[in-house]
Amino acid sequence: MTTSTTRPASDYPPGGDAFRHRHLIGIAQLTPWEISYVLDAAEEWVDLNRSGAAKHDDRLAGLTIINAFFENSTRTLLSFEIAGKRLGADVVNMHAAQSSVKKGETLIDTAMTLNAMRADAMVIRHGSSGAVQLIADKVDCPVLNAGDGRHEHPTQALLDALTIRRRKGKVEGLTVAICGDVLHSRVARSNILALTLLGNEVRVVAPPTLTPPAIDRMHVTTFTDMDEGLKDADVVMMLRLQNERMDGAYLPSAREYHALYGLTPKRLEKAQPDAIVMHPGPMNRGVEIDSSVADHPTRSTITEQVEMGVAVRMACLDILTRRQRGVAGWN
Amino acid sequence: MELKPLLIANAQLIDGDKPRPGSLLVADGRIAALDPTEIPDGTETVDAKGQWLAPGIIDLGVFATDKPAFHFGGITRAALMPDAGPLDHPGLVERAAKGGKPDLWVHPLAAATKGLAGKELAEIGLMKSAGARAVATGRSRIADSGVMRRVLAYAASLGLVTIIHAEDEGLTAGAVATDGEMATRLGLASAPAIAEAIAIARDLALVEETGAPVHFRQVTTARGLDLIRAAKAKGLPVLCGITPAHLFLSDTAIGDFRTFARLSPPLRSEDDRQACLAAAADGTIDVLSSGHDPRGPEDKRLPFAEALPGMAGAETLLALGLNLVRDGLVTPSRLFDMLAATPACLLGLDAGRLKVGMEADLILIDDGTPWQVDAKKMAAYAGNTPFDGMPVQGRATAMWKGGLRIR
């Protein structure tokens, strides 16, 4: 099933020119070849991660990575922590609940405090769009955006692209339906940017109350009818619907949402027979996705996405710290 | 203090269709004559060296008494919005009115409702006696149409204009930008631009019914301006204003999450911006003001949605207004109608024009001097300008308040 589409290193500009960014704030700043460069690098880490007991590489030994999460997260935090540790870095996690943020310290002050501790990289998640950029502008080390408000979640889009590429043999020329709460979703925005940039047809399938205004300006087609939106899709990407959206403000109820927009086996038949089903997790089974679809042995990629997440984050941490580590060609 | 008579000679007077060479005599703090033939003994003479002589700017609707910024900007009087305080009590109004004297006159705007909560009428009559020159709804509108109707009728009976903020609170709840590609790409909560037209439409219906005079402090959308245009054609007592931000910036200015461009109402689409320029040119927009709202890093160095709206605008108001003249959209005299004469009329002041008997609130303007807006070097107590780095032309070089030289 897996087709290798990794390019030879000679296809990329030499050294640091292959990825010319100090931080990873969003997909919006990346070029198609930079995305492809990260995906290729991640492929190596997939192999290492599957290699048995000794899943370790010490290239980041001695580096300190701070995971500063101002918004709750389990899987992304864990994924970044494992990625950092597999590369030999000292990884420290800071949760907002334990931090001085709750005591009224401003975000910039917190960032300056972390900066003074001489971190070699920071991974930041924050509930406000633009917050990670704000921090990146103030600190001396590379900053990786682990999700800022509704704005971007670049490593999620990269891991999704890697998952698609491994399953479909390519991540171009495909029809991808992104379904659900697109309005509040940073995962959707980063995926729209990445997948359109790589040359896929992207559809947004969402109730009108959860469709962002002017989203067509991001080169997508919008659908409010789920069956129509799924027609002949190669990839069905479901989004998590947060409980607070279902209380009447955006949607009448969970059961009505399931009736109109839930991914059932019957609905999935509208898509290509070999269409894959993706979900960034955590899932609301029985709301946006039926268990039989989520657990489908060949079509669901949900656990594979989690696996790719670690590999992609290892690749990002490796690439972004090359300058500090004095890797040849990365000055 | 006895003031000597003052002659400002060799000036270009802004009192007609176009600037004209002339001189102006000030005595006892008032304009005594234009192009005087007899000069009293002991008159002090100032050579304007061909600069424009205009009425001091009357900045309608500022959020702070920020004297250095106002003086830099050629602003001699400012109408203070009731939000700080809020100004809902005669004592507070009286104190605010004394805030800048003698070299800056502050005209407090009375809060329309107690605590600006939009529920109960504030003591508008007592606040008028204490110095309030108009009534204002503050940063937001009065949601309850019944309350708004009573405010309008009550203020009108006292001869006061009600200054309105027009945004529908249901549509704008939680929003920090206008619906559009920029807000969607940045992942910012946004509201449709029609939030403005909806609010204006309601209040125009109330104006038609009560006959109360109103001023929409900022009208920033094509649809909102169309409603104002139609209301004026009908003869309704309606004025509207704008700040330079909505004339010269569109929502692309919020790219990179620039919090200095987080404003209320939020910056609009380029189409709406063009409609604002057209409305400035055709006379639909009556007032140009700064919306001066200086905010330090504690309010602005935050993620975009957490930052507070507002800009420091007093220093750039004149220079950006002169852009309208240079672009051929308004004449110099119409610019000063927007900056001084109309605000004076709305507030009931003997000022705002180069006319005998008016208070001698005067500025000299070098309309050609280029300078660059620099957020780090502002006279205002915070430099939150969305125009940071913009090259502009023209500034006030001298000013008098009631015949008293300020700078």
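Please read all numbers here as calculations on a predicted model, not as lab measurements.

Cut-offs applied
Residues numbered from 1 in each chain as written. Chains lettered and ligands numbered in written order. Predicted model: local features only at pLDDT ≥ 70, side-chain atom pairs only at ≥ 80, totals over all residues. Heavy atoms only, no water. Domains from an automatic or database assignment. Buried area = accessible area lost by both parts, 1.4 Å probe. Salt bridge = Lys/Arg side-chain N within 4 Å of Asp/Glu carboxyl O. Polar contact = N/O pair within 3.5 Å; in protein donor to acceptor, adjacent residues only side chain to side chain. Helix = DSSP H or I, 4+ residues; strand = E, 2+ residues; numbered from the N terminus. Nonpolar A, V, L, I, M, F, W, Y, C, P; charged D, E, K, R; others polar. UniProt positions renumbered as here; feature names shortened; annotations may be inferred. Contact = heavy atoms within 4.5 Å.

A. View of the domain arrangement of chain A. Residues and elements named next belong to chain A. For chain A, the assigned domains read domain 1 (18–153 + 307–323) and domain 2 (154–301). Once you take the C-alpha centre of each, domain 1 and domain 2 turn out to be 25 Å apart. With both chains or domains summed, domain 1 and domain 2 bury close to 2,500 Å², and 64% of this area falls on carbon and sulfur atoms. The tally of links from domain 1 across to domain 2 stands at four salt bridges. Two residues, Arg165 and Glu43, come together in a salt bridge whose shortest N-O distance is 3.6 Å. Our enumeration of links across domain 1 and domain 2 arrives at eleven residue pairs in polar contact (both at pLDDT 80 or more). Taken together, the elements giving at least two residues each to the side of domain 1 that touches domain 2 come down to α1 (32–49), α2 (75–86), β3 (121–126), β4 (143–148) and α11 (302–320). Of the residues forming the side of domain 1 that touches domain 2, the biggest block, nine residues, is contributed by α1. Class assignment of the residues belonging to the side of domain 1 that touches domain 2 gives a composition of 15 nonpolar, ten polar and ten charged.

B. Representation of the UniProt feature "binding site: L-aspartate" (unreviewed entry) in chain A within the structure. Residues and elements named next belong to chain A. The sites that carry the UniProt feature "binding site: L-aspartate" (unreviewed entry) are, in the present numbering, Lys103, Arg186 and Arg240. Mapped onto the elements, Arg240 comes out in the loop between β8 (235–238) and α8 (254–261). What Arg240 contacts, discounting residues up to four positions off in sequence, is Asp181, His279, Pro282, Met283, Asn284 and Glu288. At 3.0 Å, the side chain of Arg240 and the backbone oxygen of Pro282 are in polar contact.

C. Spatial organisation of the interface of chain B and chain A. With 16 residues of chain B at the contact, the number on the chain A side is 20 residues. The largest contributions to the chain B side of the interface with chain A come from Thr184(B), Arg185(B) and Arg301(B), which together make up 37% of the buried area. If you look at where chain B meets chain A, you find one salt bridge. Glu181(B) is the partner of Arg217(A) in a salt bridge, and the nearest nitrogen-oxygen pair spans 3.2 Å. Between the two partners, chain B and chain A, sit six residue pairs in polar contact (both at pLDDT 80 or more). At four residues, the largest contribution of residues to the side of chain B that touches chain A is made by helix α6 (residues 181–186) of chain B.

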